[in-house]
Amino acid sequence: MLKTHRRALANVARLYKSSQMKPAPAPGTSRRTIILGIETSCDETAAAIVARDADGRGEILSNVIRSQIAEHADYGGVVPEIAARAHLEVLDALIRTTLADARLSLDDIDGVAATAGPGLIGGLLVGLTMGKAIAAARDLPFLAINHLEGHALTVGLTEGLAAPYLLLLVSGGHTQLISVLDVGRYEQLGTTLDDAAGEVFDKTAKLLGLDFPGGPAVERWATKGDAARFAFPRPMKGRPEPDFSFSGLKTALRHAAAPLAPLTDGDIADLCASFQAAVSEAIGDRVSAAMTRFAQTL
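Predicted model only: the values in this text are computed from it and were never measured.

Asker: Describe the overall build of the chain, and please don't skip the residues or the numbers.
Answerer: Across its full length, the chain carries nine helices and eight strands. Here the chain holds 298 residues, and 41% of them are scored as buried. Contacts in the chain between residues at least 24 apart in sequence constitute 67% of all its contacts with a sequence separation of at least 6. With an accessible surface of roughly 15300 Å², the chain has 55% of that area assigned to carbon and sulfur atoms.

Asker: Give a description of the packing of aromatic side chains that names residues and reports values.
Answerer: This structure, assessed with the given rule, holds three aromatic pairs. Look at Phe201 and Phe275: their rings are 5.0 Å apart centre to centre, the planes differ by 70 degrees, and that puts the pair in the edge-to-face class. Taken together, the residues Phe201 in helix 6 (residues 197–207) and Phe275 in helix 9 (residues 265–297) connect sequence positions 74 residues apart. Each member of the pair Phe201 and Phe275 is classed as buried. Relative to Phe232, the ring of Phe230 has its centre 5.8 Å away and its plane inclined at 10 degrees; by these criteria the two rings are stacked. Since its relative accessible area comes to 7%, Phe232 is described here as buried. Against the face of Trp221 rests Lys224, its NZ or CZ located 4.1 Å from the ring centre.

Asker: Break down unusual backbone geometry for me, with residues and values.
Answerer: In this structure, Pro118 follows Gly117 across a cis peptide bond, with omega equal to -10 degrees. Here Met236, not a glycine, exhibits a phi torsion of approximately 70 degrees, which is positive. Here Met236 is to be found in the loop between helix 7 (214–222) and helix 8 (247–257).

Asker: So, the sheet that holds strand 8 (residues 185–191): which residues are in play, and what are the values?
Answerer: Overall, antiparallel pairing links the three strands, which are arranged 6-7-8 in an open sheet. The strands lining the two open edges of the sheet, one partner per strand, are strand 6 (165–170) and strand 8. Averaged over all pairs of adjacent strands, the angle between their axes in this sheet comes to 25 degrees, without regard to strand direction. Here six bridges tie strand 6 to strand 7 (residues 175–182), and the two strands are oriented antiparallel to one another. Bridging across to strand 7, Leu169 finds its partner in Gln176.

Asker: I'd love a proper account of the pattern of salt bridges, names of residues and values included.
Answerer: Going through the model one piece at a time under the given rule, you end up with 14 salt bridges. In this structure, Glu59 and Arg32 form a salt bridge, with 3.5 Å as the shortest nitrogen-oxygen distance. On the criterion of sequence distance, the pair formed by Glu59 in strand 3 (residues 58–67) and Arg32 in the loop between helix 1 (2–16) and strand 1 (33–39) is long-range, its members being 27 residues apart. Through salt bridges with shared partners, a single ionic network connects Asp195, Glu199, Lys203 and Lys250.

Asker: For the pairing of strand 3, give the residues involved together with the corresponding values.
Answerer: The pairing of strand 2 (residues 44–52) with strand 3 spans nine bridges and is antiparallel. Residue pairing for strand 3: Ala48 is matched across the bridge by Asn63.

Asker: A description of the side chain of Thr192 should follow, citing residues and the corresponding values.
Answerer: Following the sequence through the fold, Thr192 ends up in the loop between strand 8 and helix 6. One polar contact links the side chain of Thr192 to the main-chain carbonyl oxygen of Asp195, over a distance of 2.4 Å. Not counting the four nearest positions on each side in its chain, Thr192 is found in contact with Thr175, Phe244 and Phe246.

Asker: Describe the pairing of strand 7, with residues and values.
Answerer: Counting buried residues in strand 7 gives six out of eight residues, a clear majority hidden from the surface. Counted between consecutive antiparallel strands, the loop separating strand 6 from strand 7 contains four residues. Counting the residues that bridge the hairpin from strand 7 to strand 8 gives two residues, and of these Gly184 lies at a positive phi of roughly 85 degrees.

Asker: Describe the nonpolar core, and please don't skip the residues or the numbers.
Answerer: One finds Leu208, Leu210, Phe232, Leu271, Cys272 and Phe275 to be the most contacted residues of the largest nonpolar core, which totals 30 residues. Looking at this core, the elements that each hand over two or more residues are helix 6, helix 7, helix 8 and helix 9. For this core, the leading source of residues is helix 9, giving eleven residues. Among the nonpolar cores identified, the runner-up in size contains 20 residues, and Ala47, Ile109, Val112 and Met130 belong to it.

Asker: Which residues make up helix 6, and what are the values?
Answerer: Every buried residue of helix 6 is listed here: Ala197, Gly198, Val200, Phe201, Thr204 and Ala205. Angular distribution of buried residues about the axis of helix 6 spans 165 degrees; they occupy a single face of the element. Where helix 6 is buried, its residues contact strand 6, strand 7, helix 7, helix 8 and helix 9.

Asker: Pulling in residues and values, what's your account of the environment of Ala136?
Answerer: Here Ala136 shows up in helix 4 (residues 121–138). Relative accessible area serves as the criterion here: at 56%, Ala136 is assigned to the exposed category.

Asker: Describe the packing of helix 6 against helix 8, and please don't skip the residues or the numbers.
Answerer: Where helix 6 contacts helix 8, the two axes come as close as 10 Å, and the packing angle between them is 15 degrees. Comparing the axis directions of helix 6 and helix 8 gives the class roughly parallel. Handedness of the crossing formed by helix 6 with helix 8: right-handed. Contacts between helix 6 and helix 8 involve Val200, Lys203, Thr204 and Leu207 from the first element and Lys250, Leu253, Arg254 and Ala257 from the second.

Analysis parameters
- Residues numbered from 1 in each chain as written.
- Predicted model: local features only at pLDDT ≥ 70, side-chain atom pairs only at ≥ 80, totals over all residues.
- Heavy atoms only, no water.
- Helix = DSSP H or I, 4+ residues; strand = E, 2+ residues; numbered from the N terminus.
- Buried < 20%, exposed > 50% of the residue type's maximum accessible area, 1.4 Å probe, protein only.
- Contact = heavy atoms within 4.5 Å.
- Areas by Shrake-Rupley, 256 points an atom, 1.4 Å probe, with all protein chains shown as cover.
- Phe/Tyr/Trp six-rings, centres within 6.5 Å; stacked < 30°, edge-to-face > 60°.
- Lys NZ or Arg CZ within 6 Å of the ring centre and 35° of its normal.
- Pairing = 2+ DSSP bridges.
- Axes fitted to C-alpha atoms, helices over the stretch in contact; angles between N-to-C directions.
- Salt bridge = Lys/Arg side-chain N within 4 Å of Asp/Glu carboxyl O.
- Polar contact = N/O pair within 3.5 Å; in protein donor to acceptor, adjacent residues only side chain to side chain.
- Core = buried A, V, L, I, M, F, W, Y, C linked by side-chain atoms within 4.5 Å.
- Arc of directions from axis to C-beta.
- Parallel < 35°, antiparallel > 145°, perpendicular 65-115°, else oblique.
- Left-handed = near helix turned anticlockwise from the far one by under 90°.

The structure is reproduced here in structure tokens:
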């Protein structure tokens, strides 16, 4: 694997090498800074062009995403090796597309950023290799990005929100409440003690025989169900510490579904609706606890 990535680095460097390196912007220049971003941490390949004006305002000039849902559908979850190979197959073309969408070339880029973690190691290596190769070939600075920090700061770029603020971070692998104090200054107020919210949605969908990815599938079925049919627990509700726990809720759903087998469409819809209501209420309660704690720190 390491030899493969070294060869890819050399090949990409030759591909992007230019005889004329773009000089760095002069100190104090009013020209905006333009960054090529690469994301390959899980099952979506993405490239974007982001510009930052001299006054700090950001703008997303282009953003291209290639999903891998079809590649992983038969397995009911993300297979790391398949994900890494899929990134490798499309990333070069994806970068070319995002440059074209922004009506820019690599001559206009001031730096390259790529996700360095957390994530699946194989996929991360693909993005990091490509990003480092382009940066080396074009004599540009390279930035390794923690993608959770990216989540935390995106609202400042897109909405102009200034710190401090409270962040609810919900994804397939993470469910956290974070106090964002400044760039590089964060305090974790709460996190999941077991499964992340996205993970438990995927596992619930798999248990009920629904499509992948699980979150959208559960949500579609929930719109047709009765959320009051099953009295699922609201984990951690009322506790002062703003942590999450979803493993017990997943177990409660399995125990409710087992005696009903084979499940009817009505059973599945009601289970999804009751499950989704429990997750939503639990998250709302945990955010309320975090808001109380966050207010005490200001």
